[in-house]
Amino acid sequence: MAALKILVIPGSLRTGSLNARLAAVAAHQFAQAGVDVTRLSLADFTLPIYDGDLQTKSGVPKNAVDLKRMIATHHGVLIVTPEYNSSVPPLVKNTIDWLSRVHDANEDRGQIFRGRPFAIAAASRNRLGGARALAALRLILSACHALVVPNQLALAFADEAYDDRDRLKHSPDVEALTAMVRQLIDVSQRLM
Ligand SMILES: Cc1cc2nc3c(=O)[nH]c(=O)nc-3n(C[C@H](O)[C@H](O)[C@H](O)COP(=O)(O)O)c2cc1C
């Protein structure tokens with residue numbers, strides 16, 4: 001059987017991003033489990049803010065088509081999102097909006113989400129750990145017909161969550177990450 005491939009997408013471009021850091025830790029855990037893991041940066045897939053007139057005039061941008069095709073080469077996806085004003089940041093929502101408009105030959109629009117396993121995680125300095133962004137992201141992905149696994153990680157006090165070897169130091173965080181990683185692997189394997 002081919003190796004299981006998981007794509008990890010940090011939802012922040014910021015230097016020193018807490019979410020990019022958590023994405024790196026999660027990617028390491030997937031690799032430890034024998035998964036073929038890819039961690040990308042959305043800086044390599046920059047997109048204009050969604051505008052229906054732009055789409056009518058120029059079509060869906062190449063970066064959205066390329067990202068859709070990259071997702072298609074993976075069996076499961078982890079999105080690690082910041083929380084902005086109790087929801088997902090524009091970078092994450094705009095990327096999903098464009099992906100939902102990609103229409104490759106012999107496919108329905110938004111086909112990339114349908115039945116594809118996703119896991120979601122968030123990191124924040126506050127005590128909720130981005131839980132409200134996760135609720136919003138779960139709703140958005142589910143509306144796109146993605147299979148969002150139940151286990152998730154909301155990493156609270158994310159700037160103090162690591163030891164000096166960049167490992168999560170609190171056992172509830174370790175357990176939540178492990179359960180989420182395991183569940184995405186299991187569901188993706190069943191559907192590959
Ligand atoms: C516009 C804006 C709104 C924010 N709103 C929230 C919020 O609702 N909840 C929260 O936990 N953090 C909020 N934050 C703080 C972010 O969680 C924090 O900046 C975090 O470091 C961003 O993720 P990153 O480090 O991966 O870039 C907000 C930050 C910005 C810039």
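Residues numbered from 1 in each chain as written. Predicted model: local features only at pLDDT ≥ 70, side-chain atom pairs only at ≥ 80, totals over all residues. Heavy atoms only, no water.

(A) Examining the overall build of the protein more closely. Across its full length, the protein holds six helices and six strands. When the elements of the protein are put in sequence order from the N terminus, they spell out β-α-β-α-α-β-α-β-α-β-β-α. Taken against the 2.2 N^0.38 rule, which gives 16 Å for 192 residues, the C-alpha radius of gyration of the protein at 16 Å falls within 12% of a compact globule. Based on the C-alpha atoms only, the size of the protein along its principal axes is roughly 50 × 40 × 25 Å. Burial analysis of the protein (192 residues in total) assigns 45% to the buried set. Sequence separation of 24 or more characterises 76% of the internal contacts of the protein that already satisfy a separation of 6 or more. On the protein, roughly 9600 Å² of surface is accessible, and the fraction owed to carbon and sulfur atoms is 50%. Within the protein, the 18 negative side-chain charges are centred at a point lying 2 Å from the centre of the 22 positive side-chain charges. (Helix = DSSP H or I, 4+ residues; strand = E, 2+ residues; numbered from the N terminus. Rg over C-alpha atoms; globule rule 2.2 N^0.38 Å. Buried < 20%, exposed > 50% of the residue type's maximum accessible area, 1.4 Å probe, protein only. Contact = heavy atoms within 4.5 Å. Areas by Shrake-Rupley, 256 points an atom, 1.4 Å probe, with all protein chains shown as cover. Lys, Arg positive; Asp, Glu negative; His and termini not counted. Charge placed at Lys NZ, Arg CZ, Asp CG, Glu CD.)

(B) Focus on the site of the ligand. Within the structure, the ligand sits among 14 residues, and Ser-12, Ser-17, Asn-19, Glu-83 and Ser-124 are positioned closest to it. Arg-125 is positioned with one of its side-chain polar atoms (N or O) 3.4 Å from an oxygen atom of the ligand. Here Asn-126 contributes a side-chain N or O atom positioned 2.9 Å from an oxygen atom of the ligand. Across the shell around the ligand, the residue classes tally to three nonpolar, seven polar and four charged. (Near = heavy atom within 4 Å. Polar contact = N/O pair within 3.5 Å; in protein donor to acceptor, adjacent residues only side chain to side chain. Nonpolar A, V, L, I, M, F, W, Y, C, P; charged D, E, K, R; others polar.)

(C) Here's a closer look at the nonpolar core. Among the nonpolar cores identified, the biggest contains 29 residues, and Leu-22, Phe-30, Leu-78, Leu-155, Leu-177 and Met-180 are the most heavily contacted of them. Those elements that place two or more of their residues in this core are strand E1 (5-10), helix H1 (18-32), strand E3 (76-81), strand E4 (117-123), strand E6 (153-155) and helix H6 (171-191). Considering each element in turn, this core owes the most residues, seven residues, to H1. Within the second largest apolar cluster, 26 residues are counted, among which are Leu-42, Val-88, Leu-137 and Val-148. (Core = buried A, V, L, I, M, F, W, Y, C linked by side-chain atoms within 4.5 Å.)

(D) The pattern of salt bridges, seen in detail. Tallied over the entire structure, the rule returns 10 salt bridges. A salt bridge links Asp-66 to Lys-62; the shortest N-O distance between them is 2.7 Å. One end of the pair is Asp-66 and the other is Lys-62, both in helix H3 (residues 62-72) and four residues apart, which spans about a single turn. Between Arg-167 and Asp-163 there is a salt bridge whose closest N-O contact spans 3.0 Å. A network of salt bridges, in which partner residues are shared, links Lys-68, Arg-69, Asp-104 and Glu-107. (Salt bridge = Lys/Arg side-chain N within 4 Å of Asp/Glu carboxyl O.)

(E) View of the packing of aromatic side chains. Applying the stated criterion across every chain yields a total of two aromatic pairs. Their ring planes at 35° and their centres at 5.8 Å tell us that Phe-113 and Phe-118 sit as a pair that is tilted. In this pair, the class of Phe-113 matches that of Phe-118, namely buried. Over the aromatic face of Tyr-162 sits the side chain of Arg-21, whose NZ or CZ is 3.9 Å from the ring centroid. (Phe/Tyr/Trp six-rings, centres within 6.5 Å; stacked < 30°, edge-to-face > 60°. Lys NZ or Arg CZ within 6 Å of the ring centre and 35° of its normal.)

(F) The packing of helix H4 (residues 90-99) against helix H5 (residues 131-143), seen in detail. Close contact between H4 and H5 brings their axes to 11 Å; oriented N to C, the two are set at 5°. In terms of their interaxial angle, H4 and H5 are classed as roughly parallel. Judged by residue contacts, Val-92, Lys-93 and Ile-96 of H4 engage Leu-137, Ile-140 and Leu-141 from H5. When its residues are assigned to classes, the contact of H4 with H5 shows five nonpolar, no polar and one charged. (Axes fitted to C-alpha atoms, helices over the stretch in contact; angles between N-to-C directions. Parallel < 35°, antiparallel > 145°, perpendicular 65-115°, else oblique.)

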